[in-house]
Amino acid sequence: MPAAGPKARVSFVATVGLILSVAGALLVLSGPLLGYGLGVAGLGLVLSLAGLFATRKRHVAGKSSALIGVLLSAAALVIGVLALSGQLWWLGTDVQTVPEFRTWLDTQFQGRI
């Protein structure tokens, strides 16, 4: 029976970076919390990059989590900057997306239910 080496462990930094990237993307897409979302997504990007470098070591897993975190936070930052500069009419700090979506849903299902 071959001797088992150390068990692979998931990088904590990569996991936290992924969590912050998801939170930042959701905050950016919320509209009024756009500025906070940019900050959280930026922190998620830094931690995901650090987690990506940490997975280069032997017996450290989590490369896919770090890559998803990098891509998601970069996309959130791009969308957030575009929204703040006025390039995205449907997203901004003064747009209430949830009430508008609820109104749209109500009009779609008004005569059907």
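Structure shown above.
Residues numbered from 1 in each chain as written. Predicted model: local features only at pLDDT ≥ 70, side-chain atom pairs only at ≥ 80, totals over all residues. Heavy atoms only, no water.

A. Just the pattern of salt bridges, in detail. Applying the stated rule across the entire model yields one salt bridge. The shortest N-O distance in the salt bridge between Arg102 and Asp106 comes to 3.2 Å. Here the residue Arg102 and the residue Asp106 both occupy positions in helix H4 (residues 97-108), the gap between them amounting to four residues, near one helical turn. Relative accessible area serves as the criterion here: at 53%, Arg102 is assigned to the exposed category. The exposure class of Asp106 is partly exposed, given its relative accessible area of 40%. (Salt bridge = Lys/Arg side-chain N within 4 Å of Asp/Glu carboxyl O. Helix = DSSP H or I, 4+ residues; strand = E, 2+ residues; numbered from the N terminus. Buried < 20%, exposed > 50% of the residue type's maximum accessible area, 1.4 Å probe, protein only.)

B. Representation of unusual backbone geometry. Positive phi values are uncommon outside glycine, yet His59 reaches one of about 65°. Position of His59 among the secondary structure elements: in the loop between helix H2 (34-54) and strand E2 (60-61).

C. Up close: helix H3 (residues 63-84). Over its 22 residues, H3 runs 31 Å from end to end, which matches the ideal 32 Å to within 8%, given 1.5 Å per residue. Contact partners of the buried residues in H3: helix H1 (12-30) and H2. Just downstream of H3, Gly86 is the residue with a positive phi angle, here 90°. (Expected span 1.5 Å × (residues − 1). Contact = heavy atoms within 4.5 Å.)

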